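# Descriptive structure summary
What follows is the residue order along each chain.
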Amino acid sequence: MVRRSSAILPLVITLLSSPLPAAPIDTPGTTHEELDGPVGVAWTSDRNLVTAASDTGDLMIKDGAQWRLIASGLVRPLGIDVDQTGSVLVAESGRHRILRINQEGTQTEVFDTKDTPMGPMRMPMDVHAHEDLIVVADTGNDRILVLDQQGAPLRVIGERGTGPGQFRRPSGVAVLADGRIAVADTDNHRVQVFRGDGQLLAQIGSRGSHPGLMAQPSGIDATGGVIRVADQLNHRIQAFSPDGKFLHAWGMHALKPREGDGRIHYPAAIAVSEDETRLAVAEPFEERIQVFHQHDPGYEDARPSGEPRSGVQSHFGPVVSLEDRILVVWEPESQVALVFDHQRRSPIRLTSLWSNGDGPQSFGNLVALDWDAVNGQLHMLDAAQGQYHAWTISLPPPDEPRFDPDMGRLTSTRPLPASTAPSRILDAARTPDGIWYLLDGGDGRVHVLGPSMELLDIWESLDEFVDDPLLPEAIVHDPASDTLLILSRSRVFRFDRSGSLTRLFELNDMERPDSIAVGVDGSIYVTDTGKHSVTRFDGNGSRIGSWGIRGTDHAQFWRPAGIVVDADDRVFVLDHGNHRCQVFEPDGTWLMTFGAGRSYSPNNLPQGHPLRAGSTP
Amino acid sequence: MQTRLIVLLSVILLTHGCSTPGPGSTERARLHSGLLSNDGTFIVEWETNPDPIPVNEFFVIDARVLDAGTGSPAADVMLSVDAAMPQHRHGMNHTPAIERVGPGHWRVQDMLFHMPGDWVIYFDISRDEVIRRAQVSIEVD
C-alpha cells in the first residue's frame, strides 16, 4: 500500500498542478444577423461586442440591445482589437494602415509605417494590442510588424516563403499573455508561434481536413493561453495549446446560408471574451456574428427547421472562365478545377483538375483562370504558390461528351516574376495573345507579363487618377475594344493595352462590387456581393438594369462573385454563398442553376414554383 | 535450430522482401521509349523493375530525360516522379526516393502502387524554374 501510494502521489500532484484542458466554447448562443460583411470582431472588457463591417466601412459596438455606430467611412476595415484603454484598433486594409478609435468615435491615432524603415503596410488584415505593443498582420507584405503603442516600428517578423518562420498571406495575429505571438499563416495552412523577439517556437498544422490540419486559417485568438483558429475552408474552429497540441475542434459546414445551431460558413475571425465564457465567430459570408457559450453537454442540436437540405450543393468558389462551350470553375475547398461543357440542356462535367502531392500539381489559391478555346489550353494563376500553370485539355467531340479524369494534362508550371507580390494579386486577365495583366491590390498597379511570365511592364498605380483610396477588385479584357476594364469600388477604369487610361466612370448605386464581365454587345455586368445582385451597364457606365435579391432560391443570390458571358450573351454568375452557378438572359431572366452534379431549369422546377415554365409571373 | 530458421528467414527477407528490388534482379524490364512531355520539350525513356508493375509491392523506375529537339540527355534538368489514381483522386501513400545516377538519368526507388486500377505516373522535369510534365497511364492488376 505504501509503495503504491508513493508511486501515485507524484502523478496526482502533477495532474493537479497542470492546467486543465480548456473546455470548448461551442454551445450556440446569440446570433447577430444583418451585419454587412463583418470580418473583424472583438470584445470589450465589460463583454460588449465590437465589429467592423467590411462592406460598408462601419465600426459598431453592441450597447445593450442595439448596435451603436462608432465610426463610418472606413475603407475595408478587417481585423480589430480592443486595447487596455477600451479604444478599438482597426486594420483599415483599404488604406493600408492601423487606426485607434475610442468608443465615442474619435479617431485618436493613425499608424501606417510608410515613412519608417519598415516601409508601408500593404493590405493589413489583423491587429492585436498587448501591453505596450501593437502587433500587425501585414498581409500583403507577408510579414508581421511589431510596433510600440505610439506606432513606432520595433521589429519585423518573417518574409514570404514556406519555410519555418516564413509566411504566405498571414491574415490573423494574436498575442498570448506571456508575449508569445501566434500567427494564422493562411496560404501555408498553418499557425506559427513566435517568441516576442521573433524567434520561432512552434509550427502547428498543415493543409488538410482531419482534426489538427487546416485549410486557409484566418482569424486567431489566444485568450487564456489557448490558441483558437478560424479554420476558414474547413468551416470550423480548432483549439491548440501554444506548443501545438491539438485540443479540440468544433463546427460544422453550413451547406446553405443561414443554417444555425453551430454550423459555420467561412469563419473569418474569432474573439474570446476576457472571462472565457463567450466566443464570437465573424462570418462575413453569412453577414452575421455567432456567439457561443461554454460547452453545455445538455445542448441538443436542433437541426435546421426550415427546408430540408437539397438542391445544388457544390463548392464553387469565386473564380471562373468561359470560352466557346467550356466553362471552368475553381472549388477552393476541394482544390479542384471543374471543366464543364455548358452548351447543353444540363451542363456536363468533362474532367476535374485536382491538386495532388507537393509538386507542380499542388494548387493553392487560384485567383484567375483562362480557358483558351482556340488552343485547347487552360491557364491558371495561383497566388498562394506564386505560380502559373498551363494545361492542355483534349476535349471529346461535342456530340460525344464523357467524363475522363485524365483529359487534362499539365504542360508547364512557371514561377511568377520576383517583382510581383503574389499575396497582393487579387485578379488577373489574359488576352488572346497570351499577355497577362495582374491586378495588385496592395498598390493598385498592374503587372504586365508575357506568355512565359516575363515582366513586360508595370502600369502606374490607379491612385494617380483619383483622390480617394482605391479598392481594386477585378480586371477583365474587353475583346471588342481590346481594352482592359478594372473595377475598383464603384468605379470602372478602361485602359488601352499600353496602360493609357481611356475612360473612367462611376457605377451608381453599388454597395460592394466584386467582379466584372463584358457582354457581346459591350454591356458591362458587375456582381454586387453587398446587395446580392447583378447590375448591367452600357459601355459608358449608364445603368441598364439589375436583378437578384438575397436568398437561396433560383434567381436569388448569396454574395455572388465571379461572372462571365458566353457568345450567346448568356450571363453566368457564380453564386458563391449558395455554391452554385446560375445562368441568365442579359435582362436577368433566369435560365438555369447548376452545380457539379445537378441542374435546374424552368422545365424541371417543382409544380407551383413561380419560375417553372408556364407559370404566371 | 530456431536461430538457424531466423537467420534463413532474415536472408529471404533481405533478398526478396525489402522495399526495393535489388539492382541485380534478373527480371527483365521493358524500355518505354518516346514518352513526350506534354509540351513537347522533353522525351522520357523509362523502365520499371519488376515489369509489369506489381500491386502493393515496391518497384523501381529507371528514367532518362532527353531533349526532344536534339535527342541528347538533358543534363541540366531536375526530375521528380510521382503517381496518382485520377479516378480515385489520390496519390501514392508512400514517398519514393529519387537519385540522379548520370547526366539526365535517374533512378526512382520505393515506388508503390498500393491498389490495383488505373494509375498515372508523372515525370516532372525542371529547367530554369520551369516545370514540364510527361505522364503515362498504366493499368495495374
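What this report covers is the structure whose coordinates are included nearby.

Reading the values: rules and limits
- Along each chain, residue indices are assigned from 1 in the same order as the chain's sequence is written.
- Chains carry letters and ligands carry numbers; both start at the beginning, A for chains and 1 for ligands, and go up in the order they are written.
- For this predicted model, a pLDDT threshold of at least 70 governs which residues receive local features, and a threshold of 80 or more governs which side-chain atom pairs are given and counted, while totals over whole chains, interfaces and linings are taken from all residues.
- Each side-chain value is derived from all of the structure's non-hydrogen atoms; neither hydrogens nor water enter the calculation.
- For the purposes of this entry, the term helix denotes a DSSP run of H or I that reaches at least four residues, the term strand denotes a run of E that reaches at least two, and both are numbered from the N terminus.
- Working definition: with a 1.4 Å probe on protein chains only, accessible area under 20% of the residue-type maximum means buried, over 50% means exposed, and in between means partly exposed.
- By definition in these notes, contact holds between two residues if any of their heavy atoms fall within 4.5 Å.
- What counts as buried area is the accessible surface, traced by a 1.4 Å probe, that two parts surrender upon association, with contributions from both included.
- Put simply, a salt bridge is a Lys or Arg side-chain nitrogen that is within 4 Å of an Asp or Glu carboxyl oxygen.
- We call two N or O atoms a polar contact when they sit within 3.5 Å, provided that within protein one can donate a hydrogen and the other can accept it, with sequence-adjacent residues counted only if both atoms are side-chain atoms.
- When residue character is reported, Ala, Val, Leu, Ile, Met, Phe, Trp, Tyr, Cys and Pro are called nonpolar, Asp, Glu, Lys and Arg charged, and the others, Gly included, polar.
- Should DSSP find at least two bridges between two strands, the strands are regarded as paired.

## Notes on the side chain of aspartate 231 of chain A
All names here are of chain A. Looking at where aspartate 231 falls in the secondary structure, it is placed in strand E19 (residues 227-231). A relative accessible area of 0% places aspartate 231 in the buried class. Those residues in contact with aspartate 231 that sit more than four places away from it in its chain are Leu213, Met214, Ala215, Pro217, Arg236, Gln238 and Pro267.

## A few points about the interface of chain A and chain B
Contact residues are listed per partner, giving 16 residues for chain A and 21 residues for chain B. Both faces combined, the contact of chain A with chain B buries some 1600 Å², and carbon together with sulfur accounts for 51% of it. Among the residues chain A hides against chain B, the three largest losses belong to Trp354, Arg409 and Thr411 of chain A. Together they make up 30% of the total. Applying the counting criterion to the chain A and chain B interface returns 0 salt bridges. Remark: the boundary between chain A and chain B carries 6 residue pairs in polar contact (both at pLDDT 80 or more). Ranked by residues supplied to the side of chain A that touches chain B, first place goes to strand E34 (residues 408-415) of chain A with 7 residues. For the side of chain A that touches chain B, the class distribution of residues is 6 nonpolar, 7 polar and 3 charged. Alignment of E34 of chain A against strand E9 (residues 130-140) of chain B, held across 2 bridges, turns out to be antiparallel. What sits directly across from serine 412 of chain A, in E9 of chain B, is arginine 132 of chain B.

## A short note on the pairing of strand E25 (residues 278-283) of chain A
Residues and elements named next belong to chain A. E25 sits mainly inside the fold: 6 of its 6 residues count as buried. Side chains of E25 alternate between two faces, with Arg278, Ala280 and Ala282 and Leu279, Val281 and Glu283 buried alike. Across 4 bridges, the pairing between strand E24 (residues 269-272) and E25 is antiparallel. Of the residues in E25, the one forming a bridge with alanine 269 is alanine 282. Taking the residues between adjacent antiparallel strands as the criterion, E24 and E25 are bridged by 5 residues, where glutamate 276 takes a positive phi near 60°. Pairing of E25 with strand E26 (residues 288-293), which is carried by 6 bridges, proceeds in the antiparallel orientation. Within the sheet, the bridge partner assigned to leucine 279 lies in E26 and is phenylalanine 292. A loop of 4 residues connects E25 with E26, the two strands running antiparallel in sequence, and glutamate 287 in this loop sits at a positive phi of about 55°.

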